[in-house]
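Coordinates in review
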Amino acid sequence: MTDYGEEQRNELEALESIYPDSFTVLSESPPSFTITVTSEAGENDETVQTTLKFTYSEKYPDEAPLYEIFSQENLEDNDISDILKLLALQAEENLGMVMIFTLVTAVQEKLNEIVDQIKTRREEEKKQKEKEAEEAEKQLFHGTPVTIENFLNWKAKFDAELLEIKKKRMKEEEQAGKNKLSGKQLFETDHNLDTSDIQFLEDAGNNVEVDESLFQEMDDLELEDDEDDPDYTPADPESDSTD
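Everything quoted here is computed from the prediction, not taken from an experiment.

Looking at the overall build of the chain
In terms of helices and strands, the chain carries 7 helices and 4 strands. Secondary structure elements of the chain, listed N to C terminal, follow the sequence α-β-β-β-β-α-α-α-α-α-α. Counting over 243 residues, the chain shows a buried share of 21%. The long-range share in the chain, meaning contacts at least 24 apart out of those at least 6 apart in sequence, stands at 50%. Put simply, the chain shows about 19500 Å² of open surface, and 50% of that area lies on carbon and sulfur atoms.

What follows is the structure, given as structure tokens:
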């Protein structure tokens with residue numbers, strides 16, 4: 001008769017020796033423990049990690065142990081799903097034998113694959129970004145090919161914008177014309193304009209100066225009198241003309 005308890009105790013001692021820094025006992029009845037598994041460092045020192053929780057069933061190893069992802073770092077949901085499928089497959093293949101070391105080793109290899117996939121995924125993302133940048137640069141230099149359809153669309157939009165500008169300008173000019181008063185309207189609205197000239201003269205008063213010398217110089221001018229002209233005949237307007 002198989003002594004499951006003894007097999008389980010022996011495996012626990014071996015696991016504690018193999019994984020001294022990552023093996024942790026959670027309970028003794030039923031035996032439950034965790035083992036933390038970390039991948040090898042990737043190209044940029046990135047790693048992924050998971051902590052697996054195992055619980056022995058009563059008839060382990062003839063029955064598969066209970067297992068789950070206790071915690072994880074840098075894993076995607078699909079990565080966790082793949083790890084659980086891998087554990088199920090390995091547990092089924094190893095029934096009848098102590099299997100925790102085998103399960104942990106399989107997960108270790110899977111984590112290393114995930115790190116490599118991260119590198120590949122980053123390279124693909126980098127290539128995709130470079131391709132998009134190249135396409136954007138081509139688009140910048142070549143522009144959009146002109147077709148009859150997009151030209152007509154552009155012209156319709158341009159004409160509509162131009163018409164809107166003209167309407168706005170006409171409205172502004174019309175508004176400016178309404179606000180500008182005629183001379184009559186200025187007199188009607190500002191009554192000070194009615195007496196502005198008179199007020200100017202009154203304000204000037206006796207301060208208006210006349211230069212009398214201008215009149216004295218007029219006496220010195222030799223003005224020719226028509227009566228001194230021997231040919232002048234008042235009754236004959238044509239006398240000044242020469243036959």
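Structure shown, so let's carry the discussion forward.
Remarks on the packing of aromatic side chains
Summed over the entire model, instances satisfying the criterion amount to 6 aromatic pairs. Measuring from ring centre to ring centre gives 5.3 Å for Trp 154 and Phe 158, while their planes differ by 15°; the resulting arrangement is stacked. A residue pair is termed a helical-turn pair when its members lie 3 or 4 positions apart in one helix, as Trp 154 and Phe 158 do in helix α4 (residues 148–179) at 4 residues. In this structure an aromatic cluster arises from ring pairing among Phe 23, Phe 33, Phe 54, Tyr 56 and Tyr 60.

Brief notes about the pairing of strand β3 (residues 49–55)
When you tally the buried positions in β3, you get 5 out of 7 residues, the bulk of the element. Strand direction decides the pairing type here: β3 and strand β4 (residues 66–73), joined by 7 bridges, are antiparallel. Its bridge partner lying in β4, Lys 53 is registered against Glu 68.

With respect to helix α2 (residues 77–93)
Taking 1.5 Å per residue as the helical rise, α2 with its 17 residues ought to reach 24 Å, and the 25 Å between its terminal C-alpha atoms agrees with that figure. Turning to α2, its buried residues number three or more, namely Asp 79, Ile 80, Ile 83, Leu 87, Gln 90 and Ala 91. The arc that holds the buried residues of α2, viewed along the axis, is 105°, so those residues lie on one side. When the buried face of α2 is taken as reference, the exposed residues oriented beyond 90 degrees from it are Asp 77, Lys 85, Glu 92 and Glu 93.

So, the sheet that holds strand β2 (residues 31–38)
Read from one edge of the open sheet, 4 strands run β1-β2-β3-β4, paired in antiparallel fashion. Looking at which strands have only one partner, the edges of the open sheet turn out to be β1 (23–28) and β4. Within the sheet, the average angular offset between the axes of one strand and its neighbour, ignoring direction, is 20°. The strands touched by helix α1 (residues 4–18) are β1 and β2; relative to β2, the strand with the most contacts, the crossing angle is about 30°. Sheet contacts for α2: β3 and β4; angle to β4, the most-contacted strand, approximately 150°.

Scoring rules and cut-offs
Residues numbered from 1 in each chain as written. Predicted model: local features only at pLDDT ≥ 70, side-chain atom pairs only at ≥ 80, totals over all residues. Heavy atoms only, no water. Helix = DSSP H or I, 4+ residues; strand = E, 2+ residues; numbered from the N terminus. Buried < 20%, exposed > 50% of the residue type's maximum accessible area, 1.4 Å probe, protein only. Contact = heavy atoms within 4.5 Å. Areas by Shrake-Rupley, 256 points an atom, 1.4 Å probe, with all protein chains shown as cover. Phe/Tyr/Trp six-rings, centres within 6.5 Å; stacked < 30°, edge-to-face > 60°. Pairing = 2+ DSSP bridges. Expected span 1.5 Å × (residues − 1). Arc of directions from axis to C-beta. Axes fitted to C-alpha atoms, helices over the stretch in contact; angles between N-to-C directions.

These figures capture arrangement, not role.
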